[in-house]
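Structural description and commentary
Here are the chains, one letter per residue:
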Amino acid sequence: MSDVESPLQPDHVGLAHQFEDLDQQQQSDELGIWLFLVTEIMFFGGLFASYAIYRSFYFAAFEGGSHILDARIGAVNTMVLLGSSLTMALSVRSAQTGNRRALVLFLIATMILGGVFLGVKAYEYNQKFVEHVVPGLDWAPQGEVLAHLAPGGVQHAQLYFIFYFAMTGLHAIHMVIGMGLLLWLVLRGRKGSFTPQYFAPVEVVGLYWHFVDIVWIFLFPLLYLIGGRY
Amino acid sequence: MSQLIVPQKTYIYVFLSLIGLTALTTGVAYVDLGPFNTMVALAIAFSKMMLVILFFMNVRHSGGLVRIVIVAAFFWFALLMAFTMSDYRTRSWTPAPDSWSSAPPTHP
């Protein structure tokens, strides 16, 4: 893009030819990513709706399934993800103020926190295999786990864990894609591609990252918390 | 996508509020509120979502078109939930006519 830059038009770095000016381009970028996020709401919405139906049908089984998850690990992981949203918001702010070093550092911090989240998620998935509560592959709950699942029907609890893996798995895929986008931003940010006038990629990836955070904000209570722990 | 630069402090306070709400919802999970268990958990999640949308995603300073798109998305989701649940949860209210469950008529 540097070969089309003109010293007379510093505001026009990163301006695509179909737009009148950077302001119009930014408004289009924001509307575009939000329309994409709307399709994502529809995508996850189907899962949330089917979760609601089956939870209302097999309430005790879903409560028993929730009870087996460790709410404390879920809470800590939620805070880690909220922290990554903070660093993401701060990296957008650093792009606005033209602080390239802070931009790259905050983006890397966001990636690290995202990685911690996925690491904890991997540990939790492993725990499911240890407890033999993986639907289809390894479904043989025993002992205390079985005692929690028994009141709602052990086979019905399998349905809860299908939702658990499908919803957290889809969320984790979104995280992995987001981390790929963050890496791309880090590489571009280091080269100084973003200026206080042009930082749309940072902002657009930021909106995506916050959206993935919002999905988790709902997954956490629905999967972990409403499990009759009293 | 406003050019307005939000003070760093604002983001920190929003983050601390989000952490507080996470701790609150986790704590409440150990208290039996009867039929309000799910509602309280979802109400706190909704508050957290609004904090993220308004401050981290900076929709406070977004234009009307973006706001309409967001509201439309949630309106669509409300329709999805309302119609799906009103279907599934009311199917048992009236039994299916007997003729529906009998074997299809045989034609000579």
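Read on for a plain summary of the structure. (Residues numbered from 1 in each chain as written. Chains lettered and ligands numbered in written order. Predicted model: local features only at pLDDT ≥ 70, side-chain atom pairs only at ≥ 80, totals over all residues. Heavy atoms only, no water.)

**A word on the interface of chain B and chain A**
Of the residues lining the interface, 49 residues belong to chain B; the matching set on chain A comes to 52 residues. Counting the surface lost from both chain B and chain A, the interface buries some 4600 Å², and carbon and sulfur atoms represent 77% of this. At the boundary of chain B and chain A, one finds 4 residue pairs in polar contact (both at pLDDT 80 or more). For the side of chain B that touches chain A, the leading source of residues is helix H3 (residues 64-88) of chain B, giving 13 residues. For the side of chain B that touches chain A, the class distribution of residues is 36 nonpolar, 10 polar and 3 charged. (Contact = heavy atoms within 4.5 Å. Buried area = accessible area lost by both parts, 1.4 Å probe. Polar contact = N/O pair within 3.5 Å; in protein donor to acceptor, adjacent residues only side chain to side chain. Helix = DSSP H or I, 4+ residues; strand = E, 2+ residues; numbered from the N terminus. Nonpolar A, V, L, I, M, F, W, Y, C, P; charged D, E, K, R; others polar.)

**Remarks on unusual backbone geometry**
All names here are of chain A. One non-glycine residue with positive phi stands out, namely His132, at about 55 degrees. Position of His132 relative to the elements: it lies in the loop between helix H4 (100-130) and strand S1 (133-134). Residue His132 is classed as partly exposed on the basis of its relative accessible area of 27%. (Buried < 20%, exposed > 50% of the residue type's maximum accessible area, 1.4 Å probe, protein only.)

**Observations concerning the side chain of Thr168(A)**
Residues and elements named next belong to chain A. By the secondary structure assignment, Thr168 is in helix H6 (residues 154-190). Residue classification places Thr168 among the buried residues on the basis of a relative accessible area of 0%. A distance of 2.6 Å separates the side chain of Thr168 from the side chain of Tyr125, its partner in a polar contact. Beyond its immediate chain neighbours, meaning those up to four positions away, Thr168 contacts Lys121, Tyr125, Phe163, Trp216, Leu219 and Leu223.

**Topic: the nonpolar core**
Counting 93 residues, the largest nonpolar core has Trp34(A), Phe161(A), Leu223(A), Phe56(B) and Met57(B) as its most contacted members. With 19 residues, helix H7 (residues 200-225) of chain A is the single largest residue contributor to this core. Leave out the neighbours within four places in its chain, and Phe56(B) touches Leu82(A), Ser85(A), Leu86(A), Ala89(A), His210(A), Tyr11(B), Val14(B), Phe15(B), Leu18(B) and Leu51(B). (Core = buried A, V, L, I, M, F, W, Y, C linked by side-chain atoms within 4.5 Å.)

**Quick notes on the packing of helix H3 (residues 71-97) of chain A against H7(A)**
Residue and element names in this part refer to chain A. At a minimum axis separation of 10 Å, H3 and H7 run at an interaxial angle of 165 degrees. It follows that H3 is roughly antiparallel to H7 by the angle criterion. When you trace H3 past H7, the crossing you get is left-handed. Residues Ala71, Gly74, Ala75, Thr78, Leu81, Leu82, Ser84, Ser85, Met88, Ala89, Ser91 and Val92 of H3 pack against Val202, Glu203, Gly206, Trp209, His210, Asp213, Trp216, Ile217, Phe220, Tyr224 and Leu225 of H7. For the contact of H3 with H7, the class distribution of residues is 14 nonpolar, 7 polar and 2 charged. (Axes fitted to C-alpha atoms, helices over the stretch in contact; angles between N-to-C directions. Parallel < 35°, antiparallel > 145°, perpendicular 65-115°, else oblique. Left-handed = near helix turned anticlockwise from the far one by under 90°.)

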